[in-house]
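Secondary and tertiary structure notes
If you want the building blocks of each chain, they are given just below.
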Amino acid sequence: MKFFHRYKSTIHGNYRRAYLRSGLLSGMMLMLYLLVRWLMKNPAESPVSYLSDGILLVAVFFFTMLYRNALPERKATIKELMLFGMGTAVIASLLYGLYIWLSGFSIPGQIELFTNNLMEAEPFADYPAHYWSALWGLLSAIVMAVLGGFGAFIAALILKNEKGTVIKFKV
């Protein structure tokens, strides 16, 4: 049974506080993207697009790099960077989904555009915007969290610089 082993890794920093800050900043960047497009009279056709995906992935990688550089001696394991990146992505996606849901009350035209572009029929006349905004908020939060988790994994693989010690058990 040689293949059973455990790793012992050390957490070098306070990644929870750091991912709360980074997640809030990333979520605000995503919200600002939608708001600026709406104010420029060029609203987004979908709550999840290549540009919003790119904003999230670049933010997760950038904030992970900043977190690693702020650690003592710049030492970080893949576990610590993965926890930080996943936390950042989840906080950002929840904030983004909440913004889309609340924008159904303040910017119903944006939600109407999402619904009419992403559905084959014209269902918008049947229900008000805030019904659809809950759907689009939940959908975008889930999709962005999954994408951010993938980005966190790639960032952790690239930016790790310390390996955990292997503990072998004899059976």
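Placed above this text is the structure.
Here we summarise the structure given alongside this text. (Residues numbered from 1 in each chain as written. Predicted model: local features only at pLDDT ≥ 70, side-chain atom pairs only at ≥ 80, totals over all residues. Heavy atoms only, no water.)

Digging into the overall build of the chain
If you tally the helices and strands in the chain, you get five helices and two strands. When the helices and strands of the chain are read in sequence order from the N terminus, they spell out β-α-α-α-α-α-β. Within the chain, the fraction of its 171 residues that count as buried is 38%. If you sum the accessible surface of the chain, you get close to 10400 Å²; carbon and sulfur atoms cover 68% of it. (Helix = DSSP H or I, 4+ residues; strand = E, 2+ residues; numbered from the N terminus. Buried < 20%, exposed > 50% of the residue type's maximum accessible area, 1.4 Å probe, protein only. Areas by Shrake-Rupley, 256 points an atom, 1.4 Å probe, with all protein chains shown as cover.)

Examining the packing of helix H1 (residues 15-39) against helix H2 (residues 50-70)
Closest axis-to-axis distance for the H1/H2 pair is 10 Å, and the angle between their directions is 155°. The orientation of H1 with respect to H2, classified from their angle, is roughly antiparallel. The handedness of the crossing between H1 and H2 is right-handed. Where H1 approaches H2, its residues Tyr 15, Ala 18, Ser 22, Leu 25, Ser 26, Met 29, Leu 30 and Tyr 33 are matched on the opposing element by Leu 51, Ser 52, Ile 55, Leu 56, Ala 59, Phe 63 and Tyr 67. Per-class residue counts for the contact of H1 with H2 are 12 nonpolar, three polar and no charged. (Axes fitted to C-alpha atoms, helices over the stretch in contact; angles between N-to-C directions. Parallel < 35°, antiparallel > 145°, perpendicular 65-115°, else oblique. Left-handed = near helix turned anticlockwise from the far one by under 90°. Contact = heavy atoms within 4.5 Å. Nonpolar A, V, L, I, M, F, W, Y, C, P; charged D, E, K, R; others polar.)

So, the packing of H2 against helix H3 (residues 78-106)
Between H2 and H3, the least distance of the axes is 10 Å, while the angle of their chain directions is 140°. As summarised for this structure, H2 and H3 are arranged oblique, according to the angle between their axes. For the pair H2 and H3, the sense of crossing is right-handed. Listed contacts from H3 to Ser 52, Leu 56, Val 60, Phe 63, Thr 64, Tyr 67 and Arg 68 of H2 are Glu 80, Leu 81, Phe 84, Gly 85, Thr 88, Ala 89, Ala 92 and Tyr 96. Its residues assigned to classes, the contact of H2 with H3 shows nine nonpolar, four polar and two charged.

Observations concerning the pattern of salt bridges
Oppositely charged side chains may form a pair once their charged atoms are brought near each other. Per the counting criterion, the structure on display carries two salt bridges. Of the charged contacts, one joins Arg 37 and Glu 45 as a salt bridge, the two residues approaching to 3.9 Å between their closest N and O atoms. Overall, the relative accessible area of 43% leaves Glu 45 in the partly exposed class. One salt bridge connects Glu 73 with Lys 75, and the closest N-O pair in it is separated by 3.5 Å. Residue classification places Glu 73 among the exposed residues on the basis of a relative accessible area of 66%. (Salt bridge = Lys/Arg side-chain N within 4 Å of Asp/Glu carboxyl O.)

Section: the nonpolar core
Most often, soluble globular proteins keep nonpolar side chains buried together rather than apart. Ranked by internal contacts, the top residues of the largest apolar core, which has 19 residues, are Leu 34, Ile 100 and Phe 114. If you list the elements that add at least two residues to this core, you get H1, H2, H3, helix H4 (108-118) and helix H5 (129-159). Ranked by the residues each element gives to this core, the list is headed by H3, at five residues. With sequence-adjacent residues up to four places away left out, Phe 114 is seen in contact with Leu 34, Ala 44, Glu 45, Ser 46, Pro 47, Ile 100 and Trp 136. One finds Tyr 19, Ala 59, Phe 63 and Ala 156 within the second-largest nonpolar core, a separate group that totals 12 residues. (Core = buried A, V, L, I, M, F, W, Y, C linked by side-chain atoms within 4.5 Å.)

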